[in-house]
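Per-entry structural report
Take a look at the letters that make up each chain.
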Amino acid sequence: MYYQFDYTIPNFICDNHDTLTMWGCARLLQQAADNHTKLFGIGFQQLIEQHKAWVLCHTYYDVRRLPVDYEQVTVRTWSRGTNGLYAWRDFQMIDKEGNVIVAASTSWVVIDTEARRVVRLGEIVEGFEHHPDLATEFDKLPRLRQPKDAEGERLVERKPVLLSMLDHTQHVNNSEYIKWVFDHLPEGYSTAAPFKLHVEYIQETKPGEEVAIKLHRNADNGELLYQIDNSHCESAVLVTLKK
């Protein structure tokens, strides 16, 4: 079963060029996932009432073009199946001419919000219809690799975790890490599409912690790798950005 809705891009999630921000795009796709799962009684709010929550583990965006403010797009999403612990979900953002301008592949788990442990999907997704169609080139997303040494590493910022960064699972929302990356691009690095953004969420970051944002730059292909450490984990989140 595919789920889709039309959406007019508001200017409050656009940047200084009147273009949809990448963190705004991430939030919009997250909303699509919630809308879809809600139809089956397993949306974010419905699971929270059962002391469970969807948590994003891995996401890959193939961004061909980002829409501008007041542009109408269609957001489409579908489940590609599960394996007991992980659920795979893909997305497309389509312009009015029918062009796919953003494609994304993601993997999710459900956690017990009291025990803070991953639970098996089991009956949670029973009856959910899956489609094998791939939005991107990835069936299963590859793991990102932490740099083996500090050569080329640069600390770009340390910052405390504030309440405005949290979501209902009481940890930093997935889109916040994307905002940090795009706020700390190297001087002269263009935010314009096309680009490919790959994010692996390894450990949650909670209120009261501090994060350190480090940048590694691949001189051979220009790829940027951001390593985001928190108070309890080195490389809590890894992000690559490639033009």
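Provided above is the structure to which this section pertains.
Let's shift gears to the overall build of the protein. Looking only at helices and strands, the protein has three helices and eleven strands in total. Ordering the α and β elements of the protein from the N terminus gives β-α-α-β-β-β-β-β-β-α-β-β-β-β. Compactness check: the protein gives a C-alpha radius of gyration of 18 Å against a globular reference of 18 Å for 243 residues, within 12% of the reference. In the protein, which comprises 243 residues, the proportion classed as buried is 54%. Summed over its atoms, the accessible surface of the protein is roughly 12000 Å², and 47% of this surface lies on carbon and sulfur atoms. Taken together, the 26 basic and 35 acidic charged side chains of the protein have centroids lying 3 Å from each other.

Once their charged atoms are close, side chains differing in charge can pair, the charge on each being opposite to the other. Enumeration according to the criterion identifies 13 salt bridges in this entry. The partner of E137 in a salt bridge is K196, with the nearest N and O atoms 3.6 Å apart. On the criterion of sequence distance, the pair formed by E137 in the loop between β6 (117–119) and β7 (153–160) and K196 in strand β8 (residues 195–201) is long-range, its members being 59 residues apart. A relative accessible area of 45% means that E137 is categorised as partly exposed. One salt bridge in this structure joins E157 and K159, with 3.7 Å as the shortest N-O distance. Shared partners join several salt bridges into a network, and the residues in it are R80, D90, D139 and K140.

Here we take up the environment of L238. Structurally, the position occupied by L238 is in strand β11 (residues 237–242). Distance from L238 to R154, taken between C-alpha atoms, is 14 Å for residues 84 residues apart in sequence. If sequence neighbours within four positions are ignored, L238 has contacts with L144, R145, Q146, H198, V199, E200, I202, L225, Y226 and Q227.

Below, the discussion takes up the packing of aromatic side chains. Inspection of every chain in the model, using the stated rule, returns nine aromatic pairs. Seen from their ring centres, Y2 and W78 are 5.3 Å apart, and the 65° between their planes marks the pair as edge-to-face. Taken as a pair, Y2 in the segment before β1 (3–8) and W78 in strand β3 (residues 72–82) lie far apart in primary sequence, 76 residues in all. Relative accessible area serves as the criterion here: at 35%, Y2 is assigned to the partly exposed category. The interplanar angle of 45° and the centroid separation of 6.0 Å between the aromatic rings of Y3 and F5 together place this pair among those described as tilted. With respect to burial, Y3 and F5 carry one shared label: buried. An aromatic cluster is defined as three or more aromatic residues linked by ring pairs; in this entry it consists of Y3, F5 and Y7. It is K140 that lies over the ring of W88; its NZ or CZ is 4.1 Å from the centre. For the cation-ring pair, K179 lies above W23, with the distance from its terminal atom to the ring centre recorded as 4.4 Å.

So, about the layout of surface pockets. What the largest pocket holds in volume is close to 870 Å³. Along the wall of the largest pocket there are 37 residues; nearest its centre are V55, L56, C57, V109 and Y201. Residue assignment for the lining of the largest pocket shows that the elements contributing at least two residues are α1 (22–38), α2 (44–48), β2 (52–63), β5 (100–112), β6, α3 (174–183) and β8. By residue number, the principal contributor to the lining of the largest pocket is β2, which donates five residues. Of the residues in the lining of the largest pocket, the class split is 17 nonpolar, eleven polar and nine charged.

How each quantity is defined
Residues numbered from 1 in each chain as written. Predicted model: local features only at pLDDT ≥ 70, side-chain atom pairs only at ≥ 80, totals over all residues. Heavy atoms only, no water. Helix = DSSP H or I, 4+ residues; strand = E, 2+ residues; numbered from the N terminus. Rg over C-alpha atoms; globule rule 2.2 N^0.38 Å. Buried < 20%, exposed > 50% of the residue type's maximum accessible area, 1.4 Å probe, protein only. Areas by Shrake-Rupley, 256 points an atom, 1.4 Å probe, with all protein chains shown as cover. Lys, Arg positive; Asp, Glu negative; His and termini not counted. Charge placed at Lys NZ, Arg CZ, Asp CG, Glu CD. Salt bridge = Lys/Arg side-chain N within 4 Å of Asp/Glu carboxyl O. Contact = heavy atoms within 4.5 Å. Phe/Tyr/Trp six-rings, centres within 6.5 Å; stacked < 30°, edge-to-face > 60°. Lys NZ or Arg CZ within 6 Å of the ring centre and 35° of its normal. 1 Å grid on protein atoms, 1.4 Å probe; cavity = no way out; pocket = protein on both sides within 12 Å on 5 of 7 lines; lining within 4 Å. Points joined across faces, edges and corners; volume = space filled by probe spheres on them. Nonpolar A, V, L, I, M, F, W, Y, C, P; charged D, E, K, R; others polar.

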